[in-house]
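# Architecture and fold: a report
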Amino acid sequence: MSEALYEKSIKCPICNNSFSSKRLRASACRIEKRDEDFCTVYKGYNPMHYEVLVCPHCGYAASENSFDNLSSNEKNAVKEILSGKVINRSFCEERTVNDALDSFKLALFIAEARSAKDSIIAGLALKLSWIYREMKDEKENDFLQYALKYYKQAYDKENLPLGNLDEISVQYLLGELSRRLSNLNDAVFWFNKAVSNPERIKNPRIEKMAREQWMVVKEQSRKV
Ligand SMILES: [Zn+2]
């Protein structure tokens with residue numbers, strides 16, 4: 001077994017069985033760059049590939065940080081959707097990029113079935129788009145679109161912050177996703193909101209990124 005990986009024991013909140021799954025040591029992760037939509041690109045091992053836990057007994061899948069966090073209604077919805085399904089595949093060993101992709105698809109399917117918050121669905125869709133980006137597959141844009149739709153709904157309906165995204169970061173991200181999808185007017189609208197948000201005092205990095213990406217949009221508009 002690679003020294004980058006270790007075994008972690010996990011108990012499934014849906015079927016109550018225990019299983020062990022490979023995890024990636026933080027010391028094995030080396031950052032190459034960060035894309036403007038917050039995607040971190042790694043040299044070698046990518047910790048995102050191991051972020052979704054998948055129970056090999058019942059097929060329940062969710063991000064590590066929301067794995068145990070279900071109401072009884074959500075548990076019942078997940079049990080119903082998984083009932084009678086057979087899982088012929090294990091995600092518990094070292095993962096290929098295809099394993100990572102399918103683990104996120106499974107987590108997204110289950111998040112929808114359990115009526116998870118829009119921000120959770122948006123976060124999974126965004127990461128799925130990043131895995132397609134890593135694979136150089138144009139389906140990246142389908143999931144950017146999906147993430148944009150759900151982040152907008154979350155911004156309108158949920159209390160901020162959305163996970164680790166404060167208000168200015170959400171506004172910036174809505175701008176950057178719109179820009180990547182060539183919705184240039186929307187991108188300008190959201191970058192404007194970010195650069196005039198009072199939170200910019202606390203978050204100068206995001207303010208700087210919003211100004212830079214605003215210039216990129218202007219350049220894109222000129223070409224159009
Ligand atoms: Zn299970």
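Fair warning: this is a prediction, and the values are worked out from it, not measured in the lab. (Residues numbered from 1 in each chain as written. Predicted model: local features only at pLDDT ≥ 70, side-chain atom pairs only at ≥ 80, totals over all residues.)

It is worth spelling out the overall build of the protein at this point. On a plain count of helices and strands, the protein comes out with seven helices and six strands. From first element to last, N terminus to C terminus, the protein shows the α and β order β-β-β-β-β-β-α-α-α-α-α-α-α. Its C-alpha radius of gyration of 19 Å places the protein within 12% of the 17 Å reference for a compact globule of 224 residues. Looking at the protein as a whole, 33% of its 224 residues are labelled buried. (Helix = DSSP H or I, 4+ residues; strand = E, 2+ residues; numbered from the N terminus. Rg over C-alpha atoms; globule rule 2.2 N^0.38 Å. Buried ≥ 20, exposed ≤ 12 C-beta atoms within 10 Å, placed from the backbone.)

Our next topic: the pairing of strand β3 (residues 30-34). Of all five residues in β3, zero are buried, a share of ten percent or less. Pairing between β3 and strand β4 (residues 40-43): four bridges, direction antiparallel. Note on β4: the bridge partner recorded for Arg34 is Thr40. Taking the residues between adjacent antiparallel strands as the criterion, β3 and β4 are bridged by five residues, where Phe38 takes a positive phi near 80 degrees. (Pairing = 2+ DSSP bridges.)

Here the focus is the environment of Val170. Mapping Val170 onto the fold places it in helix α5 (residues 167-180). In this structure the C-alpha to C-alpha distance between Val170 and Tyr155, which are 15 residues apart in sequence, comes to 7.5 Å. Non-local contacts of Val170, meaning those with residues more than four positions away in its chain, are made with Tyr151, Tyr155, Leu160, Leu162 and Leu165. (Contact = placed C-beta atoms within 7 Å.)

Helical periodicity: at 3.6 residues per turn, an α-helix aligns residues three or four positions apart in one direction. Along its 17 residues, helix α2 (residues 97-113) runs 24 Å from first to last C-alpha, staying within 8% of the 24 Å computed at 1.5 Å per residue. Listed in full, the buried residues belonging to α2 are Ala100, Ser103, Phe104, Leu106, Ala107, Leu108, Ile110 and Ala111. Backbone geometry just downstream of α2 places Ser115 in the positive-phi region, at approximately 50 degrees. (Expected span 1.5 Å × (residues − 1).)

What follows concerns the domain arrangement of the protein. When cut into domains, the protein gives domain 1 (5-158) and domain 2 (166-224). Distance from the C-alpha centre of domain 1 to the C-alpha centre of domain 2: 27 Å. Taken together, the contacts link 11 residues of domain 1 with 10 residues of domain 2. Grouping the amino acids of the side of domain 1 that touches domain 2 by side-chain chemistry returns six nonpolar, two polar and three charged. (Domains from an automatic or database assignment. Nonpolar A, V, L, I, M, F, W, Y, C, P; charged D, E, K, R; others polar.)

This brings us to the nonpolar core. By size, the foremost hydrophobic cluster in this structure holds 53 residues, and its most contacted members are Ala61, Ala107, Ile121, Leu124, Ala125, Ala147 and Tyr151. When contributions to this core are tallied by element, the ones reaching two or more residues are β5 (52-54), β6 (61-63), α2, α3 (118-134), α4 (140-157), α5, α6 (184-195) and α7 (204-223). Inspection of this core shows a minimum of three residues originating in each of domain 1 (5-158) and domain 2 (166-224). Beyond its immediate chain neighbours, meaning those up to four positions away, Ala107 contacts Val52, Ala61, Ala62, Ser63 and Leu124. (Core = buried A, V, L, I, M, F, W, Y, C linked by C-beta atoms within 7 Å.)

When the terminal C-alpha atoms of α7 are compared, their 29 Å separation across 20 residues agrees well with the 28 Å that a helix rising 1.5 Å per residue should span. Along α7, the positions that sit buried rather than exposed are Ile206, Met209, Ala210, Gln213 and Val217. Along α7, the residues classed as buried sweep out an arc of 100 degrees about the axis, all on the same side. Relative to its buried face, α7 has exposed residues pointing more than 90 degrees away, namely Pro204, Lys208, Glu212, Met215, Lys218, Glu219 and Arg222. Contacts from the buried residues of α7 go to α5 and α6. (Arc of directions from axis to C-beta.)

Backbone torsion omega between Leu160 and Pro161 reads 0 degrees, so that peptide bond is classified as cis. Mapped onto the elements, Pro161 comes out in the loop between α4 and α5. Look at Asn16: it is not a glycine, yet its phi comes out positive at around 65 degrees. With respect to the secondary-structure elements, Asn16 resides in the loop between β1 (5-11) and β2 (18-24). The exposure class of Asn16 is exposed, given the 10 C-beta atoms found within 10 Å. At Ser182, a position not held by glycine, the phi torsion is positive, near 65 degrees. Along the chain, the position of Ser182 falls in the loop between α5 and α6. A count of 12 C-beta atoms within 10 Å places Ser182 in the exposed class.

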